[in-house]
Amino acid sequence: MKIYEMSAGELLDKKENGELDTEDILNAFRERIDEVEDRVRAFITVSEKEVSEELAEMETGGELEGIPLAVKDNMSTADMETTCASKILQGYNPPYDAAVIEQIRKQGGVIAGKTNLDEFAMGSSTENSAFYPTRNPWNLDHVVGGSSGGSAAAVAAGEVAAALGSDTGGSIRQPASFCGVVGMKPTYGNVSRYGLIAFASSLDQIGPLTRNVEDSARILNVISGHDKRDTTSVDREFPDYMEFIKEDVSGMKIGVPREYFAVDFDKEVEKTVKDSLEVLQEAGAQIEEVSVIEPEYALAAYYIIAPAEASSNLARFDGVRYGSRSAAEDVSSMFTRTRSEGFGEEVKRRIMLGTYALSSGYYDDYYLKAQKVRTLIKDRFAELFSGYDLLVSPTSPSTAFKIGAEKDLMEQYRADIFTVPVNIAGIPAISLPCGFDSQGLPVGFQIMGPHYGEGAILQTAYTLEQKLNLEQKPEL
Ligand code: GLN
């Protein structure tokens, strides 16, 4: 196996037994970036530091010592530009590292660069980047999903061993599914968002994109934990997630939401996911059909709540404090011109949708109603998790579609139908590859758990991964 194909776990093992050293690892991934990046375009910024400089700066003795990771370009880094793939933040250099970056560096991880995304994380294909779309390593004519598309592609293409993304309505899991990697959205509150540029604060959560389930647990160990600087961060005992990496699902009660499978979606995706359900059943899990609130309601609530919060969060980008500023004769036209020129079409649409939903006269009809729907969905999940350990579904209704495919807006938003309910309820979920469609594109399998149920999710995902033992790799 080539160095760039190895997981973080494999790299650490090889270092432990003396087969590789950190310099070999960093050089191998650098070379891989040079080899494929002009075709994939996963990054907005690649670290300009020499390997010798990285080695000199790196913390030693940590859990991720010498492992190169990529970070979505909406997380603040003190030594690299942070753009959110938006013109409005071009040239913005944060004065500090996000909490997750501090944790990664403390454990010896090396930040290889900042990855492409849909502008301000709004979208599901990375085509909304103000700069360029990222291309899918499995087929360069296809999208990578989004919004953490650059992170998913960088892992799939072997440019880094692992990456971080953020998930507001599916932005870690859906690109993981499109690129054939593992993507985990932790429980709301498990990972500090200090230094993450906010999209929708009641939904945003940071999580890992990795080559396998074990690495997901490994990185979760590093990034989860209490942080006073994020008021939504939970103060609790965090388990060692690596302890759940064992092949055992006997007696695990898994619910299959009937309403999810009633949605009109790709038949090949359905077949691949159902085959995996059988694999879990053979491995000893107890699989039963259950009833949830139709995912359409979560989607409708999401597309009110997320834009409402975005309209407020994005008010800070006014040309005064961050990034680019357009020239104008007075302050008020400077604000207007900076925002008109700096934000892309989808971001402006969300700001307007959100402002509308929050304005007097509409607040009760839209925002308040969406919040009530949110409570019903949360309660129904809680009720189900009193009888079931986990719920499973496809991650996305389709595999990766073609770049530039004409899709109307409602169709684009509907692509989030299986991922959004998880954020609405604040629960954790993983997407792992479970097979391929007839075009050779990866299919993702989603496992959802109760609040703080990451352990059971990882255990079940690990079992399925071992049983399926998928060996295909993208050819680049
Ligand atoms: N695709 C969804 C949206 O456009 C989710 C994005 C995300 O999770 N950041 O809002």
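Along each chain, numbering runs from 1 in the same order as the chain's sequence is written. Given that the model is predicted, a residue must reach a pLDDT of at least 70 before its local features are reported, and side-chain atom pairs must reach 80 or more before they are shown or counted; all residues, however, enter totals for whole chains, interfaces and linings. Only hydrogens and water are set aside; all other atoms, that is, all heavy atoms of the structure, feed into the side-chain values.

Peer 1: Summarise helix H13 (residues 364-384); cite the residues concerned and give the values.
Peer 2: Secondary structure elements are taken from DSSP: a helix is a run of H or I of four residues or more, a strand is a run of E of two residues or more, and numbering for both begins at the N terminus. Here the expected span of a helix is defined as 1.5 Å times the quantity of residues minus one. For H13, spanning 21 residues, the distance from its first C-alpha to its last is 29 Å, which sits close to the expected 30 Å at 1.5 Å a residue. Next to the buried residues of H13 lie helix H8 (258-261), strand S8 (286-290), helix H10 (295-313), helix H12 (345-358), strand S9 (390-394) and helix H15 (420-425). Only heavy atoms matter for contacts: two residues are in contact if any of them lie within 4.5 Å across the pair.

Peer 1: Could you give an account of a nonpolar patch on the surface, naming the residues involved and the relevant values?
Peer 2: The grouping of Val320, Val331 and Phe335 at the surface amounts to a nonpolar patch, some 250 Å² of accessible area in total. Along the polypeptide, phenylalanine 335 turns up in helix H11 (residues 331-342). Excluding any residue in a salt bridge, patches collect residues exceeding 30% relative accessible area, merging like charges within 9 Å and nonpolar Val, Leu, Ile, Met, Phe, Trp and Tyr side chains within 5 Å. With residues, only the protein chains shown are counted as cover, and all accessible areas are computed by Shrake-Rupley using a 1.4 Å probe. Salt bridges are counted wherever a side-chain nitrogen of Lys or Arg sits within 4 Å of a carboxyl oxygen of Asp or Glu.

Peer 1: Please set out the site of the ligand residue by residue, giving values where relevant.
Peer 2: Near residues are defined by distance, with any heavy atom within 4 Å of the molecule or strand qualifying the residue. Taken together, the neighbourhood of the ligand is formed by 15 residues, with Thr168, Gly169, Ser171, Tyr302 and Arg350 sitting nearest. Here a nitrogen atom of the ligand and a side-chain polar atom of serine 147 are 3.4 Å apart. Within the complex, the protein chains bury 99% of what would otherwise be the 290 Å² of accessible surface of the ligand. Under this definition, polar contacts are N or O atom pairs within 3.5 Å; protein pairs additionally need one hydrogen-donor-capable and one acceptor-capable atom, and for neighbouring residues in sequence, both atoms have to be side-chain atoms.

Peer 1: Which residues make up the layout of surface pockets, and what values do they have?
Peer 2: In this structure, the largest pocket encloses a volume near 920 Å³. Elements with a contribution of two residues or more to the lining of the largest pocket: helix H1 (8-16), helix H5 (149-156), strand S10 (429-436) and helix H16 (454-468). No other element matches the four residues that H16 contributes to the lining of the largest pocket. Three classes are used: nonpolar for Ala, Val, Leu, Ile, Met, Phe, Trp, Tyr, Cys and Pro, charged for Asp, Glu, Lys and Arg, and polar for all others, with Gly counted as polar. Its residues assigned to classes, the lining of the largest pocket shows 17 nonpolar, eight polar and ten charged. Approximately 460 Å³ is the volume found for the second largest pocket. Space inside and on the surface of the protein is sampled on a 1 Å grid over the protein atoms alone, with a cavity defined as a set of points where a 1.4 Å probe fits but cannot get out and a pocket as an open set with protein on both sides within 12 Å along at least 5 of 7 lines; lining residues have an atom within 4 Å of a point. Every residue lining the second largest pocket is counted, 24 residues in all, and those nearest its centre are Ser125, Glu127, Asn128, Glu346 and Gln412. Of all the secondary-structure elements, those providing two or more residues to the lining of the second largest pocket are H12 and helix H14 (409-414). Element by element, the count of residues in the lining of the second largest pocket is highest for H12, at five residues. Taken together, the residues that form the lining of the second largest pocket break down as seven nonpolar, seven polar and ten charged. Grid points are joined across faces, edges and corners, and a volume is the space filled by probe spheres set on the points.

Peer 1: Quick rundown of the packing of H1 against helix H7 (residues 213-223)? Include the residues and the values.
Peer 2: For helices, the axis comes from a line fit to the C-alpha atoms of the stretch in contact; other axes are also lines fit to C-alpha atoms, and the angle between any two N-to-C directions lies between 0 and 180 degrees. It is at 8 Å that the axes of H1 and H7 come closest, and there the two elements cross at 80 degrees. With respect to each other, H1 and H7 are oriented roughly perpendicular. Contacts from Ala8, Gly9 and Leu12 of H1 reach H7 at Glu214, Asp215 and Arg218. For the contact of H1 with H7, the class distribution of residues is two nonpolar, one polar and three charged. For classification purposes, an angle smaller than 35 degrees is called roughly parallel, one larger than 145 roughly antiparallel, one from 65 to 115 roughly perpendicular, and anything else oblique.

Peer 1: Give me the lowdown on the environment of glycine 149, citing residues and values where you can.
Peer 2: If you trace the backbone, glycine 149 turns up in helix H5. In this structure, the C-alpha to C-alpha distance between glycine 149 and threonine 115, residues 34 residues apart in sequence, is 7.9 Å. Beyond its immediate sequence surroundings of up to four residues, glycine 149 is in contact with Asn116, Thr126, Thr134, Val144 and Pro175.

Peer 1: A description of the side chain of arginine 350 should follow, citing residues and the corresponding values.
Peer 2: Mapped onto the elements, arginine 350 comes out in helix H12. If near-sequence neighbours (up to four positions away) are discounted, arginine 350 is found in contact with Met122, Gly123, Phe199, Tyr303, Pro307 and Tyr413.

Peer 1: Quick rundown of the pattern of salt bridges? Include the residues and the values.
Peer 2: Applying the stated rule across the entire model yields 26 salt bridges. One salt bridge in this structure joins arginine 258 and glutamate 289, with 2.6 Å as the shortest N-O distance. With arginine 258 in helix H8 and glutamate 289 in strand S8, the pair connects residues that are 31 residues apart, well separated along the chain. To sort residues, take the accessible area from a 1.4 Å probe on protein chains only and compare it with the maximum for the residue type: under 20% means buried, over 50% means exposed, and anything in between is partly exposed. The exposure class of glutamate 289 is exposed, given its relative accessible area of 52%. Connected through salt bridges with shared partners, the residues Lys49, Glu57, Asp79, Asp97 and Arg105 form a single ionic network.

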